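# What the coordinates show
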Amino acid sequence: MSGKIIEVRHLAKKFNRTVAVEDVSFDVYAGDVFGFLGPNGAGKSTTIRAMLSLITPDAGEILLFGLPLPTNRGAILSRIGCIVEKPDFYNYLSAEKNLEVFARISGSAVSKKKISETIEFVGLKGREKDKVGHYSHGMKQRLGIAQTLLHDPDLIILDEPNTGLDPQGSIDIRNLLLQLKNEKNKTILLSSHILTEIELIANRMVIIAKGKSIVQGNVAELLNEQDLIVSFEVDDPEKAIRVLMKHLPAEAIGKIENKILQLNIGYPLIPQVNQWLIENEVKVFGIDTKRKLEDYFLKLVNS
Ligand code: ADP
């Protein structure tokens, strides 16, 4: 499989008078772990629900596997595995029985062997006969992923899969998703409101805010270390600017907030700037670095 797996173009959706999605566009390619990043309320779940034909958009286009929705709904959905809400299980049944029931309800022919392989793949072997009611949240999440894998989908869509997980649970899910990409060649879209979660796993991403897609691209390029906002906490920011104007281009000098001077410089220049300040008797109390996009995203979240 190659090429574009998801194409979303100018998607829009209102609920009564609430604009949930105004103009969202992005592309996901085969083999991507694609981060769908945005603050709470940005429109992520609404976009995902439109991709799964759970709601009808007001405007825009969605193509999955090169096929437009809604015409090819059945063919498309048979190739997608998803968790859009907390996975729901029968607590009084074992994990294995839950998967059997799920397979039967969904109408897909799933062999016992497939169920047992899937249980092993998600790391629940040995616990498959335990009642799901006794499972931890992380184990339930892994069982949810097992459920999405039963019909061998090409695309897996997960809406905020780390919500409520402890750090170890998040690491387990991350490893599982990487295994799905690397060993099973799946394409994965996962939404999150936490930049670092996306950064740790995704190769490409889009950021959405207030119903609009804002930036899209390669994660490593978007979060590049050469493009930093470096904050120097100093005793005399005006004097610091006078000193630094002799060495740095004007666009490298950012704003002053309280006693903090922001500079737009790359990582390697930090010790040099520090030295210029000290040599000119500007006292430096602290240095903090944020990548431009990280800084921008934190402002979006807090706005
Ligand atoms: P996210 O997943 O990024 O947190 P959502 O897509 O859930 O964002 O929500 C986007 C906006 O749309 C929010 O303001 C939310 O309150 C609103 N919204 C979502 N679903 C509905 C609905 N069924 N009815 C009314 N408003 C909704």
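Structure: see above.
What comes next concerns the included structure. (Residues numbered from 1 in each chain as written. Predicted model: local features only at pLDDT ≥ 70, side-chain atom pairs only at ≥ 80, totals over all residues. Heavy atoms only, no water.)

Turning to the layout of surface pockets, a few remarks are in order. Looking at the largest pocket, its volume works out to about 670 Å³. Its residues assigned to classes, the lining of the largest pocket shows 15 nonpolar, 8 polar and 4 charged. Estimates place the volume of the second largest pocket at around 210 Å³. Surrounding the second largest pocket, I229, S231, K255, E257, I260, Q262, D288, K290, D295, L298, K299 and N302 form its lining. Taken together, the residues that form the lining of the second largest pocket break down as 3 nonpolar, 3 polar and 6 charged. (1 Å grid on protein atoms, 1.4 Å probe; cavity = no way out; pocket = protein on both sides within 12 Å on 5 of 7 lines; lining within 4 Å. Points joined across faces, edges and corners; volume = space filled by probe spheres on them. Nonpolar A, V, L, I, M, F, W, Y, C, P; charged D, E, K, R; others polar.)

This part covers the packing of helix α9 (residues 237-245) against helix α10 (residues 270-279). Where α9 meets α10, the axes come as close as 10 Å, and the angle between the chain directions of the two elements is 115°. Taken as axis vectors, α9 and α10 run roughly perpendicular relative to one another. The interaxial crossing formed by α9 with α10 has right-handed handedness. Every residue of α10 that contacts α9 at A240, V243 and L244 is listed here: V273, W276 and L277. Classifying every residue of the contact of α9 with α10 by side-chain character gives 6 nonpolar, no polar and no charged. (Axes fitted to C-alpha atoms, helices over the stretch in contact; angles between N-to-C directions. Helix = DSSP H or I, 4+ residues; strand = E, 2+ residues; numbered from the N terminus. Parallel < 35°, antiparallel > 145°, perpendicular 65-115°, else oblique. Left-handed = near helix turned anticlockwise from the far one by under 90°. Contact = heavy atoms within 4.5 Å.)

Another aspect to go through is the site of the ligand. In the vicinity of the ligand, the residues found are F15, T18, A20, P39, N40, G41, A42, G43, K44, S45 and T46. In this structure, an oxygen atom belonging to the ligand sits 3.1 Å away from a main-chain N or O atom of A42. K44 is positioned with one of its backbone polar atoms (N or O) 2.9 Å from an oxygen atom of the ligand. Notes on the ligand: free accessible area 560 Å², of which the protein chains cover 62%. The set of elements that each furnish at least two residues to the shell around the ligand consists of β2 (18-29) and α1 (44-51). Classifying every residue of the shell around the ligand gives 4 nonpolar, 6 polar and 1 charged. (Near = heavy atom within 4 Å. Polar contact = N/O pair within 3.5 Å; in protein donor to acceptor, adjacent residues only side chain to side chain. Areas by Shrake-Rupley, 256 points an atom, 1.4 Å probe, with all protein chains shown as cover.)

Our focus in this paragraph is a nonpolar patch on the surface. On the surface, a nonpolar cluster with roughly 370 Å² of combined accessible area is contributed by Y90, Y92 and I105. As for its placement among the helices and strands, I105 is situated in helix α3 (residues 95-106). Judged by its relative accessible area of 64%, I105 is exposed. (Patch = residues over 30% accessible without salt bridge, like charges linked within 9 Å, V, L, I, M, F, W, Y side chains within 5 Å. Salt bridge = Lys/Arg side-chain N within 4 Å of Asp/Glu carboxyl O. Buried < 20%, exposed > 50% of the residue type's maximum accessible area, 1.4 Å probe, protein only.)

Okay, the pattern of salt bridges next. Evaluation of the coordinates by the stated rule reveals 18 salt bridges. Linking K212 and E22 is a salt bridge whose minimum nitrogen-to-oxygen distance equals 3.8 Å. With K212 in strand β10 (residues 212-218) and E22 in strand β2, the pair connects residues that are 190 residues apart, well separated along the chain. Between R291 and E294 there is a salt bridge, with the nearest N and O atoms lying 3.0 Å from each other. Members of the salt-bridge network, linked through shared partners, are K4, E7, R9 and D27.

Looking now at unusual backbone geometry. The omega torsion of the bond from L69 to P70 falls at 0°, within 30 degrees of zero and hence cis. Tracing the chain through its elements places P70 in the loop between β5 (67-68) and α2 (73-77). A positive phi is found at E160, a non-glycine position, where the angle reads about 50°. Its location among the elements puts E160 in the loop between β7 (155-159) and α6 (167-184). Assessed through its relative accessible area of 17%, E160 is described here as buried.

For the rest of this paragraph, the subject is the sheet that holds strand β13 (residues 260-265). Overall, antiparallel pairing links the 4 strands, which are arranged β12-β13-β11-β14 in an open sheet. Each end of this open sheet is capped by a strand with a single partner; those strands are β12 (253-257) and β14 (284-291). Direction aside, neighbouring strands of the sheet carry axes that sit 20° apart on average. Of the pairings in the sheet, the one linking strand β11 (residues 228-234) to β14 comprises 7 bridges and is antiparallel in character. Directly across from I229, in β14, lies its bridge partner K290. The strands that α9 touches are β11, β12 and β13; relative to β12, the one it contacts most, it runs at about 170°. (Pairing = 2+ DSSP bridges.)

On to empty space enclosed by the protein, then. Counted by the stated rule, this structure contains 1 cavity of 30 Å³ or more. A volume near 50 Å³ is recorded for the largest cavity. Taken together, N162, S170, I173, R174, L177, L190, E197 and I201 make up the full set of residues lining the largest cavity. Broken down by secondary-structure element, the contributors of at least two residues to the lining of the largest cavity are α6 and α7 (195-201). Counting residues per element, the lining of the largest cavity draws most heavily on α6, at 4 residues. Residues of the lining of the largest cavity, tallied by class, amount to 4 nonpolar, 2 polar and 2 charged.

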